[in-house]
Each structure stands twice: as structure tokens, then as C-alpha cells.
Amino acid sequence: MSSGERERTFVMVKPDAVQRGLIGEIVSRLESRGLKLVGGKLIEINRELAEEHYAEHSDKGFFEDLVEFITAGPAFAMVWEGADVTRQVREMMGATDPAEAAPGTIRGDLALDLGRNAIHGSDHEDPGSNEREIDLFFDEGELIEYERIDESWLYE
Ligand code: DAT
Ligand code: MG
């Protein structure tokens, strides 16, 4: 492997994108990049889990809307693995506000509104957020260790 340490990150297709039939599109982008899916499940997030997941925003004015949105329908929770994966996924997601997200990014291509921004990814600027979020949504037994057949063609 040439660059970056292999790590895991938590990613979620939010309820808006599930309803809009975009699970496959979003999974496909990460999969085609060469990232490895090591866990995934369709879930209904309850209020307690939503409040814990977004605890860092509990004092913000938008917190209640955010909790309502994320609990409004099924979400698709995933764990992805790869070199520098947390930062790479954030780059692929684009800016938090889809109106500011660059074309070519997931939010820039698939969403329009801050409160309906299609995807969640762990914060690469908050060390430990990836592991914390993985633990919150997944049991150890739900994560699968395996090799992609193309790994020697993805990493030097
Ligand atoms: P991100 O999802 O890019 O990590 P964040 O952690 O700052 O962004 O915020 C979590 C979510 O909260 C975000 O995806 C959309 C919503 N949000 C953030 N800032 C907001 C604001 N100013 N008004 C309304 N919703 C906001
Ligand atoms: Mg965040």
C-alpha cells in the first residue's frame, strides 16, 4: 500500500435519499472508487439513537428538525474501509449544504437543500468520530473482514 492508513468510517444514506431510490447510486459511487463495504443494513432510527448520533448539535436551532428528518423513514447505514477513507468519503459527499456542494460530489449531484442532504459521513476533523459512530450503529459481528479481489490493483 502506498498512501494513507487503512481505516473504517461510518456512512449513512439518509431517509430522503432512501425514499428517492438513491441507495444504489450512492453505494455504487463508493464501491467504484475502490472502497470496501464491510457492513450495511436498512434501519429505522429512533429518537434516542438520533439524539445520541447528533449530540454535538443538540444546542443548535435546527436540532429538532434534524432529529425529525433522520427518524422520518428508513436509512441505510454502512461501514466502509479504505486508505484515508473518512476524509475521502467527506470529499466525495461535498459541502454540507447541497447548494454549495460542487458538481461531481454526491450532495452536489443528488440533493438541493441543507435539510435534505442525502448522506451522512463521519467527520474527518473530529478524530474518533468514525469509531464512535460505527459502535453506535453496528455490533462487531455485523462487520465483515475480507479482501476485495482487486486490492492489489487499487493499492500499489
Ligand atoms: P455534515 O452532515 O456535513 O457532517 P454537520 O455535522 O455540520 O454536517 O451537520 C449535521 C446535519 O445537520 C447536516 O447534514 C444538515 C444539518 N445542518 C447542519 N447545519 C445546519 C443549519 N445551519 N441549518 C439546518 N440544518 C443544518
Ligand atoms: Mg457532521
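Residues numbered from 1 in each chain as written. Chains lettered and ligands numbered in written order. Predicted model: local features only at pLDDT ≥ 70, side-chain atom pairs only at ≥ 80, totals over all residues. Heavy atoms only, no water.

## Re the pairing of strand E3 (residues 75–83)
Phase 1: Among the nine residues of E3, nine are classified as buried, and the element is accordingly described as predominantly covered.
Phase 2: The pairing of strand E1 (residues 6–13) with E3 spans eight bridges and is antiparallel. Bridge pairing in E3 places Arg6 opposite Ala83. (Buried < 20%, exposed > 50% of the residue type's maximum accessible area, 1.4 Å probe, protein only. Helix = DSSP H or I, 4+ residues; strand = E, 2+ residues; numbered from the N terminus. Pairing = 2+ DSSP bridges.)

## A look at the site of ligand 1
Phase 1: Around ligand 1 lies a shell formed by Lys14, Tyr54, His57, Phe62, Leu66, Arg90, Thr96, Arg107, Leu114 and Asn117.
Phase 2: Arg90 is positioned such that a nitrogen or oxygen atom in its side chain is 2.8 Å from an oxygen atom of ligand 1.
Phase 3: One nitrogen or oxygen atom from the side chain of Arg107 is found 3.1 Å from an oxygen atom belonging to ligand 1.
Phase 4: Protein contacts shield 73% of the accessible area of ligand 1, which totals 520 Å² for the unbound molecule. (Near = heavy atom within 4 Å. Polar contact = N/O pair within 3.5 Å; in protein donor to acceptor, adjacent residues only side chain to side chain. Areas by Shrake-Rupley, 256 points an atom, 1.4 Å probe, with all protein chains shown as cover.)

## Structural notes on the packing of helix H2 (residues 23–33) against helix H5 (residues 85–93)
Phase 1: Packing of H2 against H5 brings their axes to within 12 Å, and their N-to-C directions diverge by 130°. Taken together, the axes of H2 and H5 are oblique relative to one another. The element H2 and its partner H5 pack so that their crossing is right-handed. Residues Arg29, Leu30 and Arg33 of H2 touch H5, and the partners they reach there are Gln88, Val89 and Met92. (Axes fitted to C-alpha atoms, helices over the stretch in contact; angles between N-to-C directions. Parallel < 35°, antiparallel > 145°, perpendicular 65-115°, else oblique. Left-handed = near helix turned anticlockwise from the far one by under 90°. Contact = heavy atoms within 4.5 Å.)

## Points about the environment of Thr105
Phase 1: Relative to the elements of secondary structure, Thr105 occurs in the loop between H5 and helix H6 (106–110).
Phase 2: Assessed through its relative accessible area of 10%, Thr105 is described here as buried.
Phase 3: Placed 23 residues apart in sequence, Thr105 and Gly128 show a C-alpha to C-alpha distance of 24 Å.
Phase 4: Excluding residues within four positions of it along the chain, Thr105 makes contact with Arg29, Glu91, Met92, Met93 and Gly94.
Phase 5: A polar contact of 3.0 Å, which involves the side chain of Thr105, links it to the backbone nitrogen of Gly108.

## Things to note about the sheet that holds E1
Phase 1: Read from one edge to the other, the open sheet built from four strands follows the order E2-E3-E1-E4, with strand pairing classed as antiparallel. A single partner strand is all that each edge strand has here, and the edge strands are strand E2 (36–43) and strand E4 (119–121). Adjacent strand axes in the sheet meet at a mean angle of 20°, parallel and antiparallel pairs treated alike.
Phase 2: This element, H5, spans E1, E3 and E4 of the sheet and lies at about 35° to E1.

## Considering the side chain of His120
Phase 1: Looking at the secondary structure, you find His120 in strand E4.
Phase 2: A polar atom in the side chain of His120 sits 2.9 Å from the side chain of Glu133.
Phase 3: His120 has contacts with Phe10, Val11, Met12, Lys14, His53, Tyr54, Met93 and Glu133, leaving out every residue within four places of it along the chain.

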